[in-house]
Amino acid sequence: MGGTDDVESKVEPPKDRASAEPTPDKQEEPETLLQESNTAKAEANTLFASKDYENALSRYDDALLSCPKYLHYPRAVLHSNVAACHLQLQDWEPAIKAATAAIDALAKIDGHGDAKEQVKPDTKEDVEEEIVSSGAAKAAPVPPPPTTTAAAASSDDILRIRTKALLRRARARSEAGGWSNLGGAEEDYRALSQMPGLTPADARTVRTQLRDLPPRTKAAQEAEMSEMWGKLRQLGDGILKPFGLSTNNFQMVKDEATGGYSMNFKQGGGKDA
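Rules behind the numbers
- Residues numbered from 1 in each chain as written.
- Predicted model: local features only at pLDDT ≥ 70, side-chain atom pairs only at ≥ 80, totals over all residues.
- Heavy atoms only, no water.
- Helix = DSSP H or I, 4+ residues; strand = E, 2+ residues; numbered from the N terminus.
- Buried < 20%, exposed > 50% of the residue type's maximum accessible area, 1.4 Å probe, protein only.
- Contact = heavy atoms within 4.5 Å.
- Areas by Shrake-Rupley, 256 points an atom, 1.4 Å probe, with all protein chains shown as cover.
- Core = buried A, V, L, I, M, F, W, Y, C linked by side-chain atoms within 4.5 Å.
- Expected span 1.5 Å × (residues − 1).
- Axes fitted to C-alpha atoms, helices over the stretch in contact; angles between N-to-C directions.
- Parallel < 35°, antiparallel > 145°, perpendicular 65-115°, else oblique.
- Left-handed = near helix turned anticlockwise from the far one by under 90°.

Our next topic: the overall build of the protein chain. Check the secondary structure of the protein chain and you find 7 helices and 4 strands. If you list the helices and strands of the protein chain from N to C, you get β-α-α-α-α-β-α-α-α-β-β. Buried residues in the protein chain amount to 44% of all 273 residues. Contacts spanning at least 24 positions in sequence make up 73% of the contacts within the protein chain whose residues lie at least 6 apart. Taken as a whole, the protein chain presents about 14,500 Å² of accessible surface, with 55% of it coming from carbon and sulfur.

This part takes up the nonpolar core. Looking at soluble globular proteins, one finds that nonpolar side chains tend to be buried together. Tyr 73, Ala 76, Leu 106, Ile 161, Tyr 189 and Leu 192 are the most contacted members of the largest nonpolar core, which has 22 residues in total. Of all the secondary-structure elements, those providing two or more residues to this core are α3 (72–88), α4 (92–107), α5 (150–176), α6 (179–193) and α7 (200–240). With 6 residues, the top contributor of residues to this core is α5. Counting 18 residues, the second-largest nonpolar core is a separate cluster that includes Leu 57, Leu 64, Leu 71 and Val 82.

Another aspect to go through is α6. With 15 residues, α6 ought to run about 21 Å at 1.5 Å a step, and its terminal C-alpha atoms sit 21 Å apart, in line with that. All buried positions along α6 are accounted for by Asn 181, Leu 182, Gly 184, Ala 185, Glu 186, Asp 188, Tyr 189 and Leu 192.

Before going further, it helps to spend a moment on the packing of α3 against α4. Interaxial distance between α3 and α4 falls to 8 Å at its minimum, and their mutual angle equals 165°. The pairing of α3 with α4 is recorded here as roughly antiparallel in orientation. Viewed along their axes, α3 and α4 form a crossing whose handedness is left-handed. Between α3 and α4, the residues in contact are His 72, Tyr 73, Ala 76, His 79, Ser 80, Val 82, Ala 83, His 86 and Leu 87 and Trp 92, Pro 94, Ala 95, Ala 98, Ala 99, Ala 101, Ala 102, Ala 105 and Leu 106, respectively.

Structure (structure tokens):
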């Protein structure tokens, strides 16, 4: 399953964990900032391991504030770990936001990694957490990442963190529910199904979710459409009443081929019983 990528401790006021950036007035050299970030990250990992997720989140925030913006890979790791903490706390929307920030950060790295990011990441600091959604089988522990050369590690580690972030976002979307989130979870799991290197446990989770999500997504779509139509009927009846009409004069017809809807006018249906 994916490892967490750094969490925060309690802070006043709360920080935006998905968009934390170095403060503009910091004058330290990039090496000093990175050292500060790594120190905060290590403390956050320890807090996460002890299940102190709130304080781990705060230290991950501190790590993000110190980490230079051009270091997309370390920032992606931190955002992914923030997502893992939110999953443990069952804060689904913040988890979605943080995992998306991790994926976006990785997207800024070209196929060979940024020139400033060729140093092999310290994968031993990554915190592991369970990715399995509720109802899925509990997964086995994730094997440690293989030892590779510094040149090869960059692409391997980028793939590993992208996989973790996608698993976390997919789970958070699935747990959050709603038409949009469930549809997004389906997209994430479809992307994961095409990615190499999934553990057997993660591959089982992906297959299970791709089987279970479509009917959930369809049910959520129909429920939201029904709720929206109910609100529109109330509004429409108020507007149409002076003209001797009501929304009963209009019928929503679903196109089964496309899933879209069209509206037909029905004469004589304006009077309610």
